[in-house]
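Inside the fold
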Amino acid sequence: MSTHVDTPKNIAILGASGYTGAELVRLIATHPGMVVRAMTADRKAGMAYGAVFPHLRHLDLPELTTIKDVNFDEIDLVFCALPHATSQSVIRELPETVKVVDLSADFRLRDPEDYAKWYGGPHTALELQKEAVYGLTEYYRAQIKSARLVAGTGCNAMTGLMPILPLLEAGVIDSDDIIIDLATGVSGAGRSPKEGMLHSEVSEGYRAYNVAAHRHLAEFDQEMSLIAGKPVSVTFTPHLLPQNRGILATIYVKGEAQAIHDALRAKYDDEPFVYVLPFGEAPATQHVRGSNYCHLGVIPDRKPGRVMVFSTLDNLTKGSSGQAIQNANLMLGLPETMGLELAPLFP
């Protein structure tokens, strides 16, 4: 149930012409506590938003502008949906009075050397990097409430971290033997034209990509090692699904299946957006499509001592823009679930 807000918070979306920007607009459109006051897209500045995303033409939205034309004195919170390596320079110039949720990878890694290793260059806003809070809401809720800058997780990283972190925390799996086999929809690659993302290149096919080198490995290493209290290094292989939205991870671990299921229930039973399926059931991407929900499942393997753990979410919603709004609600003192309780789209 939504809560009435007398004065909605003023929001700016930087990089509003991408998929995550459009998802932010879609969700904020029915959010009683937020109103979009400014949207930027440098190459599309001057255009009406409905001309860029016709499915949102019914909304009363400001015209797209450049970042320099935004009056940030009137803004309470900025969603930064800019490309990697761009956000750090832009956020550094924002007034300190403005809260920021960054959807790029620029502030996810705490160690500057890790950032340079995985993203190919030095970080240019180290002071901001030190202050940024990792945006995995279910684990950093208290820190997010008081943060000025929150770094949204990678969508693949979130899909793997949601089931694995509670299991490492409870000590019910072998931390030295974790295999993540993940499949993701093409919208995770963004809206910029890429040959490998053409319909004829993706449809009727299924392929692995960035094998043993995906940048979200850095987030897995960082967060799992922190929870386990020792270095944890997982095997992670992402695959490209011939569909627009959705991520499904099949995770192979060593442990006792019922103890694993119990640990997930203990962690998430009171969480509004994480649903642990009955023991022995596996989730599906179409059951969370367009929503802020994450579904988890546990099935024992026929091989004793090995268990399959499943995790699915919508990469554009819970994996990105929905999670960003969830965190923004906390930062702005609004109910955490506000604007996010819409049911998944099915079929």
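Residues numbered from 1 in each chain as written. Predicted model: local features only at pLDDT ≥ 70, side-chain atom pairs only at ≥ 80, totals over all residues. Heavy atoms only, no water.

With an omega of 0 degrees, the peptide bond running from Phe-346 to Pro-347 counts as cis. Looking at the element boundaries, Pro-347 is found in the segment after helix 11 (317-331). One non-glycine residue, Glu-204, lies in positive phi territory at about 60 degrees. With respect to the element layout, Glu-204 can be found in the loop between helix 8 (199-202) and strand 9 (207-208). On the accessibility criterion, Glu-204 (85% relative accessible area) is exposed. One non-glycine residue, Asn-210, lies in the positive phi region at around 45 degrees. Note on placement: Asn-210 falls in the loop between strand 9 and helix 9 (216-228). A relative accessible area of 45% means that Asn-210 is categorised as partly exposed. (Helix = DSSP H or I, 4+ residues; strand = E, 2+ residues; numbered from the N terminus. Buried < 20%, exposed > 50% of the residue type's maximum accessible area, 1.4 Å probe, protein only.)

Below, the discussion takes up the side chain of Ser-187. In this fold, Ser-187 is placed in the loop between strand 8 (179-184) and helix 8. Engagement of the side chain of Ser-187 in a polar contact is seen with the backbone oxygen of Asn-244, the distance being 2.6 Å. (Polar contact = N/O pair within 3.5 Å; in protein donor to acceptor, adjacent residues only side chain to side chain.)

This next bit is on the packing of helix 7 (residues 155-170) against helix 10 (residues 257-268). Contact geometry of helix 7 with helix 10 gives a least axis separation of 9 Å together with a crossing angle of 105 degrees. The orientation of helix 7 with respect to helix 10, classified from their angle, is roughly perpendicular. Taken together, the residues of helix 10 that come into contact with helix 7 (itself represented by Met-162, Pro-163, Pro-166, Leu-167 and Ala-170) are Ile-260, Ala-263, Leu-264, Lys-267 and Tyr-268. (Axes fitted to C-alpha atoms, helices over the stretch in contact; angles between N-to-C directions. Parallel < 35°, antiparallel > 145°, perpendicular 65-115°, else oblique. Contact = heavy atoms within 4.5 Å.)

Once that is clear, we can look at the packing of aromatic side chains. A full pass over the atoms with the stated rule returns five aromatic pairs. Ring centres 6.1 Å apart and planes at 90 degrees place the aromatic pair Tyr-134 and Tyr-140 in the edge-to-face group. With a relative accessible area of 3%, Tyr-134 lands in the buried category. Exposure remark for Tyr-140: the relative accessible area of 11% places this residue in the buried category. Geometrically, the ring pair formed by Phe-220 and Phe-236 is edge-to-face, given 5.1 Å between the ring centres and 75 degrees between the ring planes. Placement of Phe-220 in helix 9 and of Phe-236 in strand 10 (residues 235-240) is noted, with a sequence separation of 16 residues between them. The same class applies to Phe-220 as to Phe-236, namely buried. In this structure, Lys-267 is placed above the aromatic ring of Tyr-139, and the distance from its NZ or CZ to the ring centre is 4.0 Å. (Phe/Tyr/Trp six-rings, centres within 6.5 Å; stacked < 30°, edge-to-face > 60°. Lys NZ or Arg CZ within 6 Å of the ring centre and 35° of its normal.)

A few words now on the sheet that holds strand 14 (residues 306-313). Reading across the sheet, the seven strands line up as 9-10-8-11-14-13-12 and stay open at both edges, with mixed pairing between neighbours. Of all strands in the sheet, those with a lone pairing partner are strand 9 and strand 12 (274-276), marking the two edges. Across six bridges, strand 8 lies against strand 11 (residues 247-254) in antiparallel orientation. Residue pairing for strand 11: Ala-183 is matched across the bridge by Leu-248. (Pairing = 2+ DSSP bridges.)

Bringing the pattern of salt bridges into the picture now. Inspection of every chain in the model, using the stated rule, returns 14 salt bridges. When the shortest N-O distance is used, the salt bridge between Glu-93 and Arg-92 registers 3.8 Å. Accessibility expressed as a relative area gives 60% for Glu-93, which makes it exposed. Across the pair Glu-271 and Arg-141 runs a salt bridge whose closest N-O atoms are separated by 2.7 Å. Separated by 130 residues along the polypeptide, Glu-271 in the loop between helix 10 and strand 12 and Arg-141 in helix 6 (residues 137-145) bring together distant segments of the chain. Glu-271 sits in the buried class, given a relative accessible area of 12%. (Salt bridge = Lys/Arg side-chain N within 4 Å of Asp/Glu carboxyl O.)

Let us look at the layout of surface pockets. Rolling a probe over the atoms, with the probe sized like a water molecule, indicates the empty space that remains. The calculated volume of the second largest pocket comes to roughly 320 Å³. Lining of the second largest pocket is provided by 16 residues; of these, Tyr-19, Val-186, Met-197, Leu-198 and His-199 occupy positions nearest its centre. (1 Å grid on protein atoms, 1.4 Å probe; cavity = no way out; pocket = protein on both sides within 12 Å on 5 of 7 lines; lining within 4 Å. Points joined across faces, edges and corners; volume = space filled by probe spheres on them.)

Let's shift gears to the sheet that holds strand 6 (residues 133-134). Across the sheet, seven strands lie side by side as 3-2-1-4-5-7-6; this open sheet has parallel pairing. Every interior strand has two partners, whereas the edge strands, strand 3 (64-65) and strand 6, have only one. For strand 1 (residues 9-14) and strand 4 (residues 77-80), the ladder comprises four bridges, and the chain directions are parallel. Residue pairing across strands places Leu-14 opposite Cys-80, the latter belonging to strand 4. Contacts between helix 1 (residues 19-28) and the sheet are confined to strand 1, strand 2 (34-40) and strand 4, with strand 1 contributing the most and set at about 160 degrees to the helix.

Any functional reading would require information beyond the geometric quantities listed.
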